[in-house]
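Topology and contacts: notes
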Amino acid sequence: MSVTSIRLPGRARGALSARRRRWPTSLVVGVAIVVAAAVLALLGPLLLPDPNHQDLLTAALPPLSAGHPLGTDALGRDVLAWIASSIRISALVAVSVVTVAALVGVAVGLLAGYVGGAFDALLMRLVDLQLAIPPLLLFICAASVVGRSLLVIIVLLAIPSWVPYARVVRTRVLVERERASVAAARLAGASHLGVLVRELLPATRSLVIVLASLQLGWILLWETALSFVGIGVHPPSTSFGYMIAQGRDALAQQWWVVAFPGLVLALLVLASNLIGDGLGEQLDVEVEVTDA
Amino acid sequence: MSAEQHDIAPPAVAASGRHVVENVTVRVGAADAKPLVDGVSFTLAPGTITGVVGETGAGKTLTMRALLGLLPAGLRAAGSLALAGEGQLDLADGDGLRALLGRETSCVLQNPHSMLDPLQRIAKQLREGVVERRLATRAEADARARELLAAMGFADPDAVLPLYPHQLSGGMAQRVATALGMMPRPRVLVLDEPTSALDAHVRLEVLGLFRELARSSGTAVILISHDLGLVNRFCDELIVMYAGTIVERGETAAVVAAPRHPYTAALLDCSATFDAAPGEPMATVAGAPPPPARRPDGCPYVPRCPLAIARCHVERPRLRDVAGGEQAACHRAEEMEAERERVTGAVVLGAPLRTVSEPDDPDRVVVRVHEAAADYRRQGTSFRALEGVSFELLRGRTLAVVGESGAGKSTLVKLIAGFEQASEGAVEVDGAPPRLRAGKVSPVQVVFQHPNEALNPYVSVGRSVAAPLRGLPREARRARVAELLESVGLDPARAGARPRAFSGGQLQRVVLARALAASPSVLICDEATSALDVSVQAQIANLVMRLQAEQGFACLLVTHDLGLAHVMADDVLVLRTGRPVELAPARSFFAGPGTEYARGLLAATRDHQLRAAVRSDAAGTIAIDGPLVAEAADG
Amino acid sequence: MTRYLLTRLAQGVAVVLGAVAISFLLVNAVGNPVDALGTGAQLTERAHRELIHQYGYDQPLPARFADYLSRLLRGDFGTSFRSEDSALALVLRALPNTFLLILVSVVLAWLIAAPVAIRSVLKRDSRSDRVVRNGLVVIQGVPDFWLALLLVIVFAVTLGWLPAIADGSPSAIVLPMCAIALPLVSTFVRMLRSQLLEVMTSDFVIAMSVRGLSMRKIVLRHVLPNALPPIVTFMALQLGWLLGGTLIVETVFGWPGIGDLAVTATTQTDLPVVEAAIVLTAAAYVLCNLLADLLVVALDPRIRVAGR
C-alpha cells in the first residue's frame, strides 16, 4: 500500500478552519456501519452458535433456513456466526497493526523530516524498497517461513504499513520546519524534542487520523487475502478469507458461503473509507491514495 | 513633482466616450447576506490608467473579477457594465461577460507565472487566444505578438517567442503576461498588483511601458495597487476603496493635492514615509479595516474617523460630486479642506520617540560582525550567500539592512540569530558567537514578516508569549504575560485566545510581546511590516521605536522599504547579491548616498513618494498604538 | 537532467540490491532450507549432509550471500526444488502473463475513469457528480478476489458466458481483467480528479479564461497535460502494488502469472523460485519506474530545459 501524498488544501487553515456545523454524511454512514458490526460481533457469542461447530446433518443449508439465517457451509458451520466471530478477529488484527504502524511511522517520519541528511536518505530508500516489493508477495513468502500465529500475522502486516505514515509525516515536516514559529520556539529556548512535539507533531495530527482510518480497511483486505490463500488466520480462529476459500470449492452449489462474508467484508472496508473521507472533509485533509 | 507625474497627457475624452460601470454588488450566496462589495460605480476613459487603491477587505479585486465574469463559485454579482457606445450588460449574466473576456475585456494577475501554461512555448500562448476566438489568423497573431513584445520593451522578440515560461525572470514574465493580455486589443484591461513581486527599478520601467501602451492603443487600464506612490506617479485617475465601497474618486493630481475623504487623507499621510522626521512617530490610523461581517450600519470608516459626527453613525454616505470633478462618499466632504490639518493632526502625533544618540562607549556594542561570509549548499554545489560583511551595532541603536531580493538579508538574520554558522569571519552577540541551545533563551529575538506563521496555531497567544519565560513560577509568568500584552497595546484578557481570533496587526503585536518576554539584547525586525496594511504598518513601527526607547535593545531592521528605514534607522547597510555596498549613518545616507547603486535604489523609491500636506506640530496628542479609537467630534 | 537520470538509476540499483538482500534473508532465516524441505522426504543422515554441502548451506551467512550475489549476476537463480526447470526460466515465463493482465486491466480502468474524472471536474458539485462519486466510494471497498468469485458465479457458472479458469482461450482474460479493473476505477478517478483540481487553481483558470477558452477546452488543452506528469509517476508507483494485488486474482482463475507461481512455490517450499520471484519482480518494478521517469522528462519542459 502506498500513499502518494496527503495534502491540506488550505494550508494556513488546517486545524484552524472552522468546524463544519453538520457532520459529513459519509462519516455518519461509516460510523453507522461500524457500530452495526460491533453490535453483531459482541452479541454473536451470546446469541449465535459456535462458528467452529461442525454438524454434517445441517451441512450446506441455504440462507433463510431455520436457525441459520445465512445458511451453513459444507461442514455445517453457521455462516452468520462465522461472520460475527470474524469481525472480532479482523478488528483486533486491524487495530493492532494500524496502532503499531502509526506509532513507528510517525516517529520515523518526524525524525527523517527534521534531522534530514543520511537518516532521511535511508528512509527514502526504505520507502522505495517497500514500494518495489509487492507486500502481498512478501507476506506469503514470509508467512510460509515464519509460521501463522496471530502475533506473526500482526507483525508481518505492520512491516510495510508504517511506511505511508513516515512518508506523509516527513513531507509535512519538511514544510513545517521552515515555519517562523519553529524558529521562534528555538529562540525561546526550546529543545529539538520540544519543537518536534509541540510544533511539528500537532501539525501532523489530521493527516495521521485520516490515514489511519483508511488503512484499517486495507489491513482488513490484506488479512483476508492471506487467509484466503491459506496462510493467514485459520481455525480455530475465524476469518473472512478462510470462509471464502471454503466456499470457493463448491462455488456453484453454495454461493452464499462466498457471497455473505465477502459482502460484510466489503461493507467494513467501505465503512473505513467513508470514515477516512469524512474525517478528511471535516479536518480539511485531502488524501491521494494509490491503494484501493 | 507634478510635472513629472504626467509626462504624456491623457487623452481628452467626452463623457459619452467613457465606459460605465454601475452599482456593482457582490454577495455570498443569498440575496440578504451582507455584501462584500456594495454599490460600486465609476467610469473609465479609453487610453487612461485608473488606479484603484484600498486595503484588506476593500473589495478591489472582487469588483474587477465581477466585471470580468470571473467570480469564484458561490459569489453572486449584480450591477452593470456598459462599454462606450454599447448597451448595458448585466453582471449577473455570466455567459455575456465571458463572451467579452478575451476580446473586449482582459486581465493580468499578480503572479505573472500563473498566467502562463508551464508546458507551452511563449509563441503558442500568445497566439492561442486570438486564434481561438477567430479574431486573427495565425500569421496576423504572430505579427501582433512580436509588436506587443517590442512595445513591452523586449529588444529581440524573436528570442523570447520560443522560450518556456520557467525560463523567464519575474520581470520578463510580467511583461509577457501583459502582452498576452493585450493581444485581443481589449477595451478594458485589469492589472492586479502587476509589480508587487518585482524589484524597485524594474517596477518603474514596467509601469512606464504600461502607460505608453495604454495611450497608444486606447485601452482603458485599471491598475489595482496598494502602493499610493506608484499610483500617484502612473495613474491618470484614482479610485479609493474601503470596506467594499468607493470612498473617493477623481483625477489623481486633484485627489492627492486635496483629498475629500478622511480615509484618503490618512492613506496619503501613511504612505509619505519620507516626510516623517527620523525618530518621530509615523503616520498611522488606529484600528484596522473591518471584515465584511462586521461592517457597521452607517459609514464603515466611523470607528477610525476623527471627523465622525452623529449622522455618520446612522446614515451611510453616498458617493456624490464634490468640487473639481471629484466624487467622495463623506457627509463632511466639503469641510475636508479646512479640517485637513485636524485629520492629519489626529493621525500624526506626539513628541519624537527616540533620541538619536552618539556612539561612544565600546561596552555598548551588542552585535559585532567582522568580515562574515556564509555559504549555502544546494544539490552538491555550494554558493556564497554573503561575503565581507562587517559592522557594529550598539545598544539602543537601529541598523537598517536594505537591499533587493536575493541580497542576502535573510542570511544575515540567520547568522546573527544563530541558526547558521558563518563560514568565514566572526559574528558575536554580547561578546560571544550566537548559539541556539535548549533551555537557553536567546538574546537575539526576531519579529517575522508573516505573523500568522510566527505563532503556533494550536496554543493560545498567552502560552506563546510565555515561551521564553520558562524559568518563572506559574503566577509570575501569568502576571508578566499580562504586563507584556498591555505594553504592546493588547487586552490582557485575550491571552487565552488562539491566533486565528486576531487580525494581522494584532498578531504582530503578540509576536513583539513574545520577543520582549525574552528581554533581548537585539531585536531583529525581518520585514516585520511588509505584510500589513499601509494604515497599520506604522502602528507596529511606532511601537517598536517606543519600546526601544524604553528598554534599550539594539534593533536590526531588515527591510526593502527605504521610507521605513528613513524613520527608524540610525545607520544604514546596503546589501547587493550578498556583498555590502554601503554602510553609513542614516542622516548622511538619506541626504545623499555615497555609491551609485544606493543612489539608484533611493531614487527609485523616494522620487515617486508622495509629499504629505503641511502638518502642524501643535496637534493634539492621542495614543498612537493600541486599540483606542479617536474620539468623535461633536456635530 | 542527465544527472537526474543517473541518480534515479543509482537509486534503482540500490532498490534491487535491497530486494536481493531481503529475499536472501527471508529464505535463509530459518536455518537451512534443506531442513524445511525435510517433511516427507526420507533422507539418510549422509544424503542430508551431502545435499547441504551441495547447495552450500553449510557455509557462514556472509559467504553464502556473496556467493548468492555472484550467482545472480551471472543470471543463475538456481533450479526449482520441485521441477527441473531453472527458477529464472519459470519466473520469466510467468511475469509477462502478469504484465499482460495488468496492462489490459489498467487500460480498461482508465477508459472508464478518465471521462468520469474529467466530467466530474467540469460539473463539480452538481448532483450527478455527487452520485457518481458516492458510487465510486462504494466500489472502492470491494475486495478484488471476492469480486472475482462473484463474477465467476454470475458469468461463468450461472450464465456460462465466460470461462472460470484460464484455459488458453482469449476470453479467459475477461473475468480476471474486470475483477482487477473495477476497484481500480475508483482510485484512478480520485487521483485524476484531485490532480486536475490541483492544476486548476483559480488563477490558472482565470488566466486560461482570459484567452477566451471554454471550460472544456481549458481542461482538455491545459489542465490535463499539466496533470499528466504526476499521474505517470503515480502509475509507476502503482505498479508495485498492482503486481502483488493481482496475485490473489491469479490464484482464483488459475492465471499463470507471477502471483500464481509465487503462491504455489511457497506452499511447496520451492525456495529458489520464491527468491527469484521477489528479486525479479522488484527489478521489473525498477525498470518500469525508470521508463516512467523518462516519459515524465519528455512531457515536462521544466526538467528537460534548463531554467533560470
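Starting afresh in each chain, residues are numbered from 1 along the sequence in its written order. For this description, chains carry letters from A and ligands carry numbers from 1, given in the order in which they are written. Local features are withheld for residues below a pLDDT of 70 in this predicted model, meaning they are given only at 70 or higher, and side-chain atom pairs are given and counted only at 80 or more; totals for whole chains, interfaces and linings count all residues.

Attention shifts here to the overall build of chain A. For helices the rule is a DSSP run of H or I covering at least 4 residues; for strands it is a run of E covering at least 2, with both sets numbered from the N terminus onward. Scanning chain A for helices and strands turns up 9 helices and 2 strands. Along chain A, from the amino end to the carboxyl end, the secondary structure elements read β-α-α-α-α-α-α-α-α-α-β. Burial analysis of chain A (292 residues in total) assigns 56% to the buried set. Placing C-beta atoms from the backbone, we regard two residues as in contact once those atoms come within 7 Å. Within chain A, contacts between residues at least 6 apart in sequence are counted, and of these 74% link residues at least 24 apart. Comment: burial labels come from other C-beta atoms within 10 Å of the residue's own C-beta, placed from the backbone, where a count of 20 or more is buried, 12 or fewer is exposed, and between is partly exposed.

Okay, the packing of helix α5 (residues 87–122) of chain C against helix α12 (residues 271–299) of chain C next. Residue and element names in this part refer to chain C. With axes taken as lines fitted to C-alpha atoms, and helix axes fitted only over the stretch in contact, angles between N-to-C directions fall between 0 and 180 degrees. Viewed as axis vectors pointing N to C, α5 and α12 meet at an angle of 50 degrees, and their least axial separation amounts to 9 Å. With respect to each other, α5 and α12 are oriented oblique. Crossing angle aside, the handedness with which α5 passes α12 is right-handed. Residues Ala87, Leu88, Leu90, Val91 and Leu95 of α5 pack against Pro272, Val273, Ala276, Ala277, Leu280 and Ala284 of α12. Note on residue classes: Ala, Val, Leu, Ile, Met, Phe, Trp, Tyr, Cys and Pro are nonpolar, Asp, Glu, Lys and Arg are charged, and everything else, Gly too, is polar. Here the residues of the contact of α5 with α12 are counted per class, giving 11 nonpolar, no polar and no charged. Throughout this description, any angle smaller than 35 degrees is read as roughly parallel, any larger than 145 degrees as roughly antiparallel, any in the 65 to 115 degree range as roughly perpendicular, and the remainder as oblique. Note on convention: the crossing is left-handed when the near helix lies turned anticlockwise from the far helix by less than a right angle, right-handed when the turn is clockwise.

Let's shift gears to helix α8 (residues 240–249) of chain A. Counting buried positions over the 10 residues of α8 of chain A gives 7, a clear majority of the element. Of all the residues in α8 of chain A, the buried ones are Phe240, Gly241, Tyr242, Met243, Ile244, Ala245 and Gly247 of chain A. Where the residues of α8 of chain A are buried, they touch α2 (79–115), α7 (192–228) and α9 (255–283) of chain A together with α7 (144–158) of chain C.

Attention shifts here to the interface of chain C and chain B. In this assembly, 19 residues from chain C lie in contact with 24 residues from chain B. Going through the elements one at a time, α9 (202–209), α10 (215–253) and α13 (301–304) of chain C are the ones with two or more residues in the side of chain C that touches chain B. Examining the composition of the side of chain C that touches chain B, we find that 6 residues originate from one element, α9 of chain C, more than from any other. Its residues placed into classes, the side of chain C that touches chain B shows 8 nonpolar, 6 polar and 5 charged.

This part covers the sheet that holds strand β5 (residues 89–90) of chain B. Residue and element names in this part refer to chain B. Should DSSP find at least two bridges between two strands, the strands are regarded as paired. Strands sit in the order β2-β1-β4-β5 across an open sheet of 4 strands; the sheet is antiparallel. Each having just a single partner strand, β2 (37–44) and β5 make up the two edges of the open sheet. One ladder, built from 2 bridges, connects strand β4 (residues 75–82) with β5; its direction is antiparallel. Across the sheet, the residue bridging to Ser80 is Asp90, located in β5. Strand contacts of helix α2 (residues 60–68): β1 (19–28), β2 and β4, with the helix running at about 110 degrees to β1, the strand carrying the most contacts.

Between chain C and chain A, the residue contacts involve 51 residues of the former and 45 residues of the latter. Mapped by element, the contributors of at least two residues to the side of chain C that touches chain A are α1 (2–28), α6 (127–140), α7, α8 (174–199), α10, α11 (258–267) and α12 of chain C. Residue classes in the side of chain C that touches chain A are distributed as 35 nonpolar, 16 polar and no charged.

Here we come to the domain arrangement of chain B. Many analyses report the size of an interface as the accessible area lost when the parts associate. Each assigned domain of chain B is listed here: domain 1 (111–183), domain 2 (273–342) and domain 3 (365–598). On a C-alpha basis, the centroid separation for the pair domain 1 of chain B and domain 2 of chain B is 43 Å. The source of the domain bounds is an automatic or database domain assignment.

With that settled, consider the nonpolar core. A general trend in soluble globular proteins is that nonpolar side chains are found buried together. Linking buried Ala, Val, Leu, Ile, Met, Phe, Trp, Tyr and Cys residues through C-beta atoms within 7 Å yields a set, and such a set is a nonpolar core. Grouped together as the largest cluster of nonpolar side chains are 370 residues, with contacts concentrated most on Ile416, Val522, Ile524 and Leu557 of chain B together with Ala148, Ala262 and Ala277 of chain C. Among the elements that take part in this core, α7 of chain A stands out by supplying 19 residues, more than any other. If we skip the residues at most four places from it in the chain, Ile416 of chain B touches Val367, Val427, Val429, Pro434, Val444, Val522, Ile524 and Leu556 of chain B.

In this section: the sheet that holds strand β7 (residues 188–192) of chain B. Residue and element names in this part refer to chain B. Across the sheet, 8 strands lie side by side as β6-β7-β8-β3-β9-β10-β12-β11; this open sheet has mixed pairing. Of all the strands in the sheet, the pair left with one neighbour each is β6 (105–108) and β11 (320–321). Relative to β7, β6 runs parallel, the two being bridged by 4 bridges. Residue pairing for β7: Cys107 is matched across the bridge by Val190. Helix α11 (residues 262–271) rests against β9 (237–242) and β10 (245–251) of the sheet, and its axis sits at about 105 degrees to β9.

Here the focus is the confidence of the model for chain A. Overall, the predicted model of chain A reaches an average pLDDT of 80, with 88% of residues at or above 70. Looking at the elements of chain A, mean pLDDT is at its lowest for strand β1 (residues 3–7) of chain A, recorded as 42, and at its highest for helix α6 (residues 180–187) of chain A, recorded as 92. Values of pLDDT, ranging from 0 to 100, describe the predictor's confidence in every residue of the model.

Another point: helix α7 (residues 170–182) of chain B. Residues and elements named next belong to chain B. Between the first and last residue of a helix there are one fewer steps than residues, each counted as 1.5 Å, and that sum is the expected span. The terminal C-alpha atoms of α7 lie 18 Å apart, and with 13 residues this matches the ideal 18 Å at 1.5 Å per residue to within 8%. Among the 13 residues in α7, 11 count as buried, and that is most of the element. Of the residues making up α7, those classed as buried are Met172, Ala173, Gln174, Arg175, Val176, Ala177, Thr178, Ala179, Leu180, Gly181 and Met182.

The next subject is unusual backbone geometry. Residues and elements named next belong to chain B. A positive phi angle, near 55 degrees, is found at Asn23, a position not held by glycine. Inspection of the secondary structure puts Asn23 in strand β1. At Ala243, a position not held by glycine, the phi torsion is positive, near 50 degrees. Within the element layout of this structure, Ala243 appears in the loop between β9 and β10.

Turning our eyes to something else, we now look at the pairing of strand β17 (residues 444–447) of chain B. All names here are of chain B. Alternating residues of β17 divide into Val444 and Val446 and Gln445 and Val447, and every residue in both groups is buried. As paired elements, β17 and strand β18 (residues 522–526) share 4 bridges and run parallel to each other. Each bridged residue has a counterpart across the sheet, and for Val444 the counterpart in β18 is Val522.

This part covers the confidence of the model for chain B. Residues and elements named next belong to chain B. Mean pLDDT over chain B works out to 83, with 89% of the residues at or above the 70 mark. Overall, residues 1–6 carries pLDDT values under 50, and its contacts beyond four positions in sequence, including any with other chains, amount to 5 contacts. Confidence over residues 612–635 falls short of pLDDT 50; this stretch has 46 contacts with residues more than four positions distant or in other chains. Overall fold confidence for the complex sits at a pTM of 0.79, while the interface term, ipTM, reaches 0.76.

This part takes up the packing of helix α17 (residues 504–517) of chain B against helix α18 (residues 534–551) of chain B. Residues and elements named next belong to chain B. Direction vectors running N to C along α17 and α18 enclose 15 degrees, while the axes themselves pass 10 Å from each other. As judged from the angle between their axes, α17 and α18 are roughly parallel. As α17 packs across α18, the resulting crossing turns out to be right-handed. In contact with Gly505, Gln508, Arg509, Leu512 and Leu516 of α17, α18 contributes Val536, Gln539, Ile540, Leu543 and Leu547.

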